[in-house]
Amino acid sequence: MILLVDLCYRKDSLSADEFVKPIAQIVRSEGIPSVHLHFSEVTAQDIERADGAILCGTALMDNEFARHTDRFLWLRDCRRPVLGICAGMLVIALVYGCSTGRCREIGMTDIRRVAGDPLFAGKDAFQAYELHSLAVRPSDAFDVIAVSSRCVQAIRHRSVSIYGVMFHPEVRNEWVVRRFVRAHATPIRSG
Amino acid sequence: MKLGVLFSGGKDSLVACYTAMQKEEVVCLITVVSRNPESYMFHTPNVDLAALQAEAAGLPLVQVETAGEKEAELSDLVRAIRLARERHGIEGIVTGTILSVYQATRIQRVCSDLGLWCFNPLWHTDQEAYMEEVIAAGFLVLIAGVFSYPFDESWLGRVIDEETLQDLKAIADRYGITLTGEGGEFETFVLDAPFFSKRIVIERATRAYRNYNGVFRIEQARVVAK
């Protein structure tokens, strides 16, 4: 089971359909069940019960999650794989002491892989949909896997399976989510 | 949060409006009427009837015209949104965009430049489930234009009900069109919606069709009690 963490400005917000539901559909299409929780209600036990977690994105104006980094401290002790998308990547960065800065990208952007990683195997260069006003400057705890001309686009923690991507893979790059859940969760087979 | 809905008169903008109403406060509809039938952003058949739909919905309409030239129409969108902010104090925009990165990118940039929220509640929705929800929720939607093979003239003015949806699914499977018409294969017009306090009745309409391109033009319509 994959835990989908909703980072939007409040539980059951108008943004959830835009940023959580498309990820849920991709996970479901892989035959893998998911549970959707708002960040304000996630506990360490919820993470332990899951095979992995995906921290979903938010609207461009929505940085409310950044005011509640205390709600994400479970990430520091997390033994489960995590994929942070856009706001999710920012949360990972904030919890792990990376710095962030202003960087607005909206629309399709060229992305280049700069380090090897199974999640990005065979994807040396691709275009991806961006919707962010901040970017991450990773600390030494992370490897940079991919970049655009403007900022870091994908990171991986050096000792645990925690990934962050700044682009939105649910748009034209579903393979990121598919590869992540296939690697870490077991599909339910019918019959 | 006070929101304005970017509104074409078709099903997606009105379903997005209905969704937004469940979570936030929708204070106006915003329409950019393009005089260019090739407009990528705004042209839809019968957009002139937006005022009737706004009346049926009981919402104020902010309407501006654009000549429909590719980049100039974006500045007309900015003008419309600014007007909506002045008149109704909107803090964000709602759109019915489902798949179009072109539209989403432009509207997201406009909202960002104006310091407004942007909501796309239908973004990458499951198209089959969505179309079934549109019918089940009580939207009365007709096909107001067809712009691709294999749609013939009989599709013009057809109401999207279960039977029509089955026919659309068969066409989508065989010809690779989007089930929602998001790729511009067909356009729709909404006569009634669950949140309308009144409904629209068509009194006179004409069909213009040639070579898999056609429009169901509503010449005369009125709002009546439900």
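What you are looking at is a predicted structure, and each value in this text was computed from that prediction instead of being measured.

Enquirer: How would you explain the nonpolar core if you had to name every residue and give the values?
Expert: Among the nonpolar cores identified, the biggest contains 67 residues, and Val-94, Phe-139, Phe-151, Phe-189, Phe-195, Phe-196 and Ile-200 of chain B are the most heavily contacted of them. Looking at this core, you find at least three residues from each of domain 1 (2–119) and domain 2 (127–225) of chain B. Filtering out sequence-adjacent residues up to four positions away, Ile-200 of chain B remains in contact with Leu-52, Gln-53, Ala-56, Phe-189, Val-190, Leu-191, Ala-221, Arg-222 and Val-223 of chain B. Leu-55, Phe-65, Ile-111 and Val-136 of chain A belong to the second-largest nonpolar core, a separate cluster that totals 66 residues.

Enquirer: How would you explain the environment of Ser-148 of chain B if you had to name every residue and give the values?
Expert: Tracing the chain through its elements places Ser-148 of chain B in the loop between strand E6 (140–146) and helix H6 (162–175). Sequence spacing of Ser-148 of chain B and Asn-46 of chain B is 102 residues, and the spatial spacing of their C-alpha atoms is 19 Å.

Enquirer: Kindly report on helix H5 (residues 175–184) of chain A, identifying the contributing residues and their values.
Expert: Taken as a whole, H5 of chain A has its buried residues at Trp-175, Val-176, Val-177, Arg-178, Phe-180 and Val-181 of chain A. Where H5 of chain A is buried, its residues meet strand E1 (2–6), helix H2 (21–29), strand E3 (52–55), strand E4 (82–85) and strand E6 (125–137) of chain A.

Enquirer: I'd like to hear about the interface of chain B and chain A, residue by residue, with values.
Expert: The interface of chain B with chain A comprises 25 residues on the first partner and 24 residues on the second. With both sides pooled, the region where chain B packs onto chain A buries about 2200 Å², and carbon together with sulfur makes up 56% of that total. Among the residues of chain B in contact with chain A, Lys-23, Trp-117 and Trp-123 of chain B are the three that bury the most area, contributing 28% of the side total. Linking chain B to chain A there are three salt bridges. Between Asp-12 of chain A and Lys-23 of chain B there is a salt bridge; the shortest N-O distance is 3.5 Å.

Enquirer: So what's going on with the pattern of salt bridges? Residues and values would help.
Expert: With the rule as written, the count across this model stands at 23 salt bridges over all chains. In this structure, Lys-11 of chain B engages Asp-12 of chain B in a salt bridge whose closest nitrogen and oxygen atoms are separated by 2.9 Å. Put simply, Glu-55 of chain B and Lys-198 of chain B hold a salt bridge, and the shortest N to O gap is 3.9 Å. Placement of Glu-55 of chain B in helix H2 (residues 50–57) and of Lys-198 of chain B in strand E8 (residues 198–210) is noted, with a sequence separation of 143 residues between them. The exposure class assigned to Lys-198 of chain B is partly exposed, which follows from its relative accessible area of 33%. Connected through shared salt-bridge partners, Glu-30, Glu-174, Arg-178 and Arg-182 of chain A make up one network.

Enquirer: Got a sec to walk through unusual backbone geometry? Specific residues and values, please.
Expert: A cis amide bond links Tyr-149 of chain B with the next residue in sequence, Pro-150 of chain B, at an omega value of 10°. Relative to the elements of secondary structure, Pro-150 of chain B occurs in the loop between E6 and H6.

Enquirer: Explain the sheet that holds E1 of chain A to me, using residue names and the numbers behind them.
Expert: Residues and elements named next belong to chain A. If you walk across this open sheet you meet the nine strands as E2-E1-E3-E4-E9-E8-E7-E5-E6, and the pairing is mixed. Two strands close off the open sheet at either side, each with one partner strand: strand E2 (34–38) and E6. Neighbour-to-neighbour, the strand axes of this sheet turn through a mean angle of 20°, independent of strand direction. In this structure, E4 lies alongside strand E9 (residues 162–165), joined through four bridges in parallel fashion. Bridging across to E9, Leu-83 finds its partner in Tyr-163.

Enquirer: Now, about the domain arrangement of chain B: what can you tell me, with residues and values included?
Expert: A common way to express how large an interface is: the accessible area buried when the components associate. Residues and elements named next belong to chain B. Each domain of chain B was delimited in the assignment, giving domain 1 (2–119) and domain 2 (127–225). A C-alpha centroid distance of 20 Å is found between domain 1 and domain 2. The partner domain 2 presents 30 residues to the 23 residues of domain 1 that form the contact. Buried surface at the junction of domain 1 and domain 2, both sides included, amounts to about 2300 Å², of which 69% is carbon and sulfur. For the pair domain 1 and domain 2, the interface holds one salt bridge. Connecting domain 1 to domain 2 are ten residue pairs in polar contact (both at pLDDT 80 or more).

Enquirer: Residues and numbers for the pairing of strand E1 (residues 2–6) of chain B, please.
Expert: On any regular strand, side chains alternate: one points to one face of the sheet, the next to the other face. Residue and element names in this part refer to chain B. For E1, a buried count of four out of five residues is recorded, marking the element as mostly surrounded by other parts of the structure. Bridging between E1 and strand E2 (residues 25–34) involves five bridges; their strand directions are parallel. Bridge pairing in E2 places Lys-2 opposite Glu-25. Following the backbone out of E1, through helix H1 (residues 11–23) and into the adjacent parallel E2, one traces a crossover that is right-handed.

Enquirer: Talk me through the sheet that holds strand E9 (residues 213–225) of chain B; I want residue IDs and the actual numbers.
Expert: Residues and elements named next belong to chain B. Taken together, four strands build an open sheet; the order of strands is E7-E6-E9-E8 and the sheet is antiparallel. Bordering the open sheet on either side are strand E7 (186–192) and E8, each of which pairs with just one other strand. Averaged over all adjacent pairs, the angle separating strand axes in this sheet is 25°, with direction ignored. When E8 meets E9, the two strands line up antiparallel, connected through twelve bridges. Bridge pairing in E9 links Ile-202 to Ala-221.

About the criteria used
Residues numbered from 1 in each chain as written. Chains lettered and ligands numbered in written order. Predicted model: local features only at pLDDT ≥ 70, side-chain atom pairs only at ≥ 80, totals over all residues. Heavy atoms only, no water. Core = buried A, V, L, I, M, F, W, Y, C linked by side-chain atoms within 4.5 Å. Buried < 20%, exposed > 50% of the residue type's maximum accessible area, 1.4 Å probe, protein only. Domains from an automatic or database assignment. Contact = heavy atoms within 4.5 Å. Helix = DSSP H or I, 4+ residues; strand = E, 2+ residues; numbered from the N terminus. Buried area = accessible area lost by both parts, 1.4 Å probe. Salt bridge = Lys/Arg side-chain N within 4 Å of Asp/Glu carboxyl O. Pairing = 2+ DSSP bridges. Axes fitted to C-alpha atoms, helices over the stretch in contact; angles between N-to-C directions. Polar contact = N/O pair within 3.5 Å; in protein donor to acceptor, adjacent residues only side chain to side chain. Right-handed = clockwise from strand over helix to strand, strands pointing away.

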